[in-house]
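# Fold and contact review
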Amino acid sequence: GGSCKDLDFAGVTDVYSNGYAFMALNKNNGKAQCWGASRSGGSCSDLDFEGVTDVYSNSFAFMALDKSTGQGQCWGSSGSGGSCSDLDFGGVTDVYSTEEAFLALNRNTGQGQCWGSSGNGGSCSGIDFAGVTDVYSTGSAFMALNKNTGQAQCWGSSSGGGSCSGLEFDV
């Protein structure tokens, strides 16, 4: 995380962390300070956090979201989810993460978007999120469960739980 002794924490409303960096945010004025490994999100001075309602992290990146506008921004390791400028977060209700990927889910429309390391859950184009009631993750895989039907879908690293075909989930 590095040294924070020279930082000013006056007005900080929230502090977030990942495996290698910290973020101190003042939600009232949209100002933030990040420190630690810059390649993992320890540098955020060029970002504007005005209106941010939620911040999420995985081991190597951060994601800040303004749920009211659907605007999101990511920073840190681009291969691990630190790059999301091409995604639309309008209507996102939940965000989940593995060590190197994110999932943004809109439960109302049943749409999900994944980004980051594809081998760790960052690719979910074949997943149907309609009716998903719960999402779980390991360090390298996601599981989307519909408790009403007992249907589950898994993706990411198969050795990390990303393969659950053939399993039945009685509810």
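Residues numbered from 1 in each chain as written. Predicted model: local features only at pLDDT ≥ 70, side-chain atom pairs only at ≥ 80, totals over all residues. Heavy atoms only, no water.

### Concerning the overall build of the protein chain
- When you go through the protein chain residue by residue, the secondary structure sums to 0 helices and 12 strands.
- The order of helices and strands in the protein chain, counted from the N terminus, is β-β-β-β-β-β-β-β-β-β-β-β.
- Against the compact-globule benchmark of 16 Å for 171 residues, the protein chain has a radius of gyration of 17 Å, which places it among compact chains.
- Its C-alpha atoms give the protein chain principal-axis dimensions of about 55 × 30 × 30 Å.
- In the protein chain, which comprises 171 residues, the share counted as buried stands at 43%.
- Counting every atom, the protein chain has about 8,500 Å² of accessible surface; 42% of that belongs to carbon and sulfur.
- Of the charged side chains in the protein chain, 7 are positive and 17 negative, and the gap between their average positions amounts to 6 Å. (Helix = DSSP H or I, 4+ residues; strand = E, 2+ residues; numbered from the N terminus. Rg over C-alpha atoms; globule rule 2.2 N^0.38 Å. Buried < 20%, exposed > 50% of the residue type's maximum accessible area, 1.4 Å probe, protein only. Areas by Shrake-Rupley, 256 points an atom, 1.4 Å probe, with all protein chains shown as cover. Lys, Arg positive; Asp, Glu negative; His and termini not counted. Charge placed at Lys NZ, Arg CZ, Asp CG, Glu CD.)

### Looking at the sheet that holds strand β12 (residues 151-156)
- The strand order across the open sheet built from 3 strands is β10-β11-β12, with neighbouring strands paired in antiparallel fashion. Taken across any chain shown, the strands that pair with only one partner, and hence form the sheet edges, are β10 (134-137) and β12. Neighbour-to-neighbour, the strand axes of this sheet turn through a mean angle of 15 degrees, independent of strand direction. (Pairing = 2+ DSSP bridges. Axes fitted to C-alpha atoms, helices over the stretch in contact; angles between N-to-C directions.)

### So, the environment of Phe 169
- Here Phe 169 lies in the segment after β12.
- In sequence terms Phe 169 and Ala 152 are 17 residues apart; their C-alpha atoms lie 7.3 Å from each other.
- If we ignore the near neighbours within four places in the chain, the residues touching Phe 169 are Met 143, Leu 145, Gly 150 and Ala 152. (Contact = heavy atoms within 4.5 Å.)

### Concerning the side chain of Asp 66
- You can see Asp 66 is positioned in strand β5 (residues 61-66).
- A distance of 2.6 Å separates a polar atom in the side chain of Asp 66 from a polar atom in the side chain of Ser 68.
- Setting aside its immediate chain neighbours within four residues, Asp 66 contacts Glu 50, Gly 51, Val 52, Thr 53 and Gln 71. (Polar contact = N/O pair within 3.5 Å; in protein donor to acceptor, adjacent residues only side chain to side chain.)

### Section: the state of the cysteines
- Per the stated rule, a full pass over the model turns up 4 disulfides.
- With its sulfur 2.2 Å from that of its partner, Cys 114 forms a disulfide with Cys 124. The chirality of the disulfide connecting Cys 114 with Cys 124 is right-handed, given an S-S dihedral of about 105 degrees. Taken together, the residues Cys 114 in strand β9 (residues 111-116) and Cys 124 in the loop between β9 and β10 connect sequence positions 10 residues apart. Across this residue pair, the class does not change: Cys 114 and Cys 124 are buried.
- If the cysteines joined by disulfides in the protein chain are listed in sequence order, their pairing comes out as 1-2, 3-4, 5-6, 7-8. (Disulfide = S-S within 2.5 Å.)

### Quick look at the packing of aromatic side chains
- All chains considered together, the criterion is met by 9 aromatic pairs.
- Site record: aromatic cluster; members linked through ring pairs are Phe 9, Phe 22 and Trp 35. (Phe/Tyr/Trp six-rings, centres within 6.5 Å; stacked < 30°, edge-to-face > 60°.)

### Structural notes on the pairing of strand β3 (residues 31-36)
- The pairing of strand β2 (residues 21-26) with β3 spans 6 bridges and is antiparallel. When the bridges of β3 are listed, Ala 24 appears paired with Gln 33.
- In this structure, the hairpin formed by β2 and β3 is closed by a connection of 4 residues, where Gly 30 is found at a positive phi of approximately 75 degrees.

### Comments concerning the pattern of salt bridges
- Using the criterion set out here, one finds 4 salt bridges in the structure.
- Between Asp 14 and Lys 27 there is a salt bridge, with the nearest N and O atoms lying 3.8 Å from each other. Pair noted here: Asp 14 is in strand β1 (residues 14-17) and Lys 27 is in the loop between β2 and β3, with a separation of 13 residues, a long-range link.
- Using a relative accessible area of 31% as the deciding quantity, one classes Lys 27 as partly exposed.
- With a closest N to O distance of 2.6 Å, Arg 107 and Asp 94 form a salt bridge. Of this pair, Arg 107 sits in the loop between β8 (101-106) and β9 while Asp 94 sits in strand β7 (residues 94-97), and the two are 13 residues apart along the sequence.
- For Arg 107, a relative accessible area of 32% puts it in the partly exposed group. (Salt bridge = Lys/Arg side-chain N within 4 Å of Asp/Glu carboxyl O.)

So, to be careful, I would describe these as geometric facts and stop short of saying anything about function.
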